[in-house]
Amino acid sequence: MKIGIVCYPTFGGSGVVATELGKALADHGHQVHFITYNQPARLDFFSENLFYHEVSVSNYPLFDYAPYEVALASRMVDVVRFEKLDILHVHYAIPHASAAFMAKQILLTYGIYIPVVTTLHGTDITLVGRDRTFKPVVTFSINKSDGVTAVSEHLRHDTYEFFEIENDIKVIPNFIDLTRFSLKAKDHFKKAIAPSGEKILVHTSNFRKVKRTEDVIKIFALVVKRIPSKLLMVGDGEERSACEQLCRDLDVCDNVRFLGKQDAIEEILSVSDLFVMPSQSESFGLAALEAMACKVPVISTNAGGLPELNVEGVTGYLRNVGDVNGMAERAIYILEDEVRLAQFKDNALARAKEFDLAKILPLYENFYVEVIEKSKAKEASFI
Ligand code: GMT
């Protein structure tokens, strides 16, 4: 198949899923065309089946707001026509699904019916999409997609609850490439971080409010009183300075390292003993899956799709949003006993294997085939 992928080319979860999916599809012999405003973060190598088409937006002085969606739709029309794509797969509803609808309408005037699959990732539904500014457009573009997927049952449910959706939504969960995310021998790194054998807790995110990063610090401040430990805070964003301030206030700075944005996340996870994800909302929790693949158990909230990944008492524990004491108490429980910790680590990896890329990729491939087949009937009536 010739597949066009539209996504945010950043470190965010939706961009990572889209890029990893494109790479895997290309490895499977499909031709994959990325259409984005920047080279996706993890697309930094050559493959004969991978193509990148940049969307550039005019900065004409009249535009207070550059019309990105229009530029994106034009680029989609251009790529679909000249690369003869079979399907467009857009990740994150805003503005990708609505731009795809516009492109689709334009392509009809050229006698081309391009099927569009939209994947909902989370905040496009739970935060941004619910905003009245966007809601009519999000509803319309989901209903006009030829196929819609959501990354968890919970997100599917929320989408039906918050919007008037007539389309079916298929759940295809996030996946993990176990060849990249696996336990690596990084003992020298572990020694440098935790010279006296302290336990290592880790958090990775974009430090947005929804991640409740201050709760990570609060949980750690309780844990370190009972268990000699260190905390690694990976990533960057609006909440970082508040977290740094909180470390000073709680007098834990000596045991906390802010590492900023990192590429080799799997190496950091490989030295870690516990992943902390106290999110307000999380459609799936890809960062937690990455940790589990590196044998790191998870203390999380029970928000959104997290219970579909993190299994209570098996791969970690889940507590209500804001229950810092409960999460700290469960973290201590896991960390205080070496045998118990080892069992949780094994369980985390076993669970991660259920989301192996090799298992999830065919779900997307089969869905594309199904959508293309169904679209052939629609095509006859449109053209
Ligand atoms: O978590 C973020 O803020 C990034 C966001 C995104 O859209 O880039 O991630 C969302 O999509 C990921 C991939 O499908 C999911 O694993 C994350 O749970 C989801 N984040 C939220 O729902 C907050």
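> I'd like a description of the pairing of strand S9 (residues 229–234), backed by residues and values.
Of all the six residues making up S9, six are buried; the element is thus mostly covered by neighbouring parts of the structure. Every second residue of S9 is oriented toward a common face, with Ser-229, Leu-231 and Met-233 on one face and Lys-230, Leu-232 and Val-234 on the other, all of them buried. Of the strand pairs in this sheet, strand S8 (residues 199–204) and S9 are connected by six bridges, and their pairing is parallel. Paired with Thr-204 across the two strands is Val-234, which belongs to S9. Handedness of the crossover is the feature at issue here: the chain leaves S8, passes through helix H8 (residues 213–226), returns alongside S9, and the resulting connection is right-handed. Summarising the sheet, S9 and strand S10 (residues 256–260) pair through four bridges and their orientation is parallel. Bridging from a neighbouring strand, Met-233 pairs with Phe-258 of S10. In this fold, the crossover linking S9 to S10 by way of helix H9 (residues 240–249) has right-handed handedness.

> Please set out empty space enclosed by the protein residue by residue, giving values where relevant.
Here the structure, examined in full by the defined rule, presents one cavity of 30 Å³ or more. In this structure, the largest cavity encloses a volume near 30 Å³. When residues of the lining of the largest cavity are assigned to their parent elements, the largest contribution, four residues, is made by helix H3 (residues 93–108). Its residues assigned to classes, the lining of the largest cavity comprises four nonpolar, three polar and two charged.

> Tell me about the domain arrangement of the protein, and please be specific about residues and values.
Its domain assignment divides the protein into domain 1 (2–175 + 357–382) and domain 2 (187–355). Here the C-alpha centroids of domain 1 and domain 2 sit 31 Å apart. Counting residues at the interface gives 20 residues for domain 1 and 16 residues for domain 2. In total, domain 1 and domain 2 occlude about 1300 Å² of area from one another, counting both sides; carbon and sulfur atoms represent 58% of this. At the boundary of domain 1 with domain 2, the tally comes to six residue pairs in polar contact (both at pLDDT 80 or more).

> An account of the layout of surface pockets is needed here, citing residue identities and associated values.
Empty space within the second largest pocket amounts to approximately 210 Å³. Around the second largest pocket, the lining is made up of 14 residues, and of these Asp-146, Gly-147, Asn-167, Asp-168 and Lys-374 lie nearest the centre. Elements that contribute at least two residues to the lining of the second largest pocket include exactly strand S6 (147–150) and helix H14 (357–382). Here the lining of the second largest pocket gets six residues from one element, more than from any other, and that element is H14. Considered class by class, the residues forming the lining of the second largest pocket number four nonpolar, four polar and six charged.

> Requested: an account of the site of the ligand, with residues and values cited.
The ligand sits among 19 residues. The nearest are His-121, Asn-174, Asn-206, Lys-211 and Glu-282. Take Asn-206: an N or O atom from its side chain is 2.8 Å from an oxygen atom of the ligand. A distance of 2.8 Å separates an oxygen atom of the ligand from a polar atom in the backbone of Ser-283. Alone, the ligand offers 490 Å² of accessible surface; in the complex the protein occludes 96% of this. Per-element accounting of the shell around the ligand gives the leading share, three residues, to helix H1 (residues 13–27). Across the shell around the ligand, the residue classes tally to five nonpolar, 11 polar and three charged. Shared between two domains, the shell around the ligand holds at least three residues of each, these being domain 1 (2–175 + 357–382) and domain 2 (187–355).

The rules behind the values
Residues numbered from 1 in each chain as written. Predicted model: local features only at pLDDT ≥ 70, side-chain atom pairs only at ≥ 80, totals over all residues. Heavy atoms only, no water. Buried < 20%, exposed > 50% of the residue type's maximum accessible area, 1.4 Å probe, protein only. Helix = DSSP H or I, 4+ residues; strand = E, 2+ residues; numbered from the N terminus. Pairing = 2+ DSSP bridges. Right-handed = clockwise from strand over helix to strand, strands pointing away. 1 Å grid on protein atoms, 1.4 Å probe; cavity = no way out; pocket = protein on both sides within 12 Å on 5 of 7 lines; lining within 4 Å. Points joined across faces, edges and corners; volume = space filled by probe spheres on them. Nonpolar A, V, L, I, M, F, W, Y, C, P; charged D, E, K, R; others polar. Domains from an automatic or database assignment. Contact = heavy atoms within 4.5 Å. Buried area = accessible area lost by both parts, 1.4 Å probe. Polar contact = N/O pair within 3.5 Å; in protein donor to acceptor, adjacent residues only side chain to side chain. Near = heavy atom within 4 Å. Areas by Shrake-Rupley, 256 points an atom, 1.4 Å probe, with all protein chains shown as cover.

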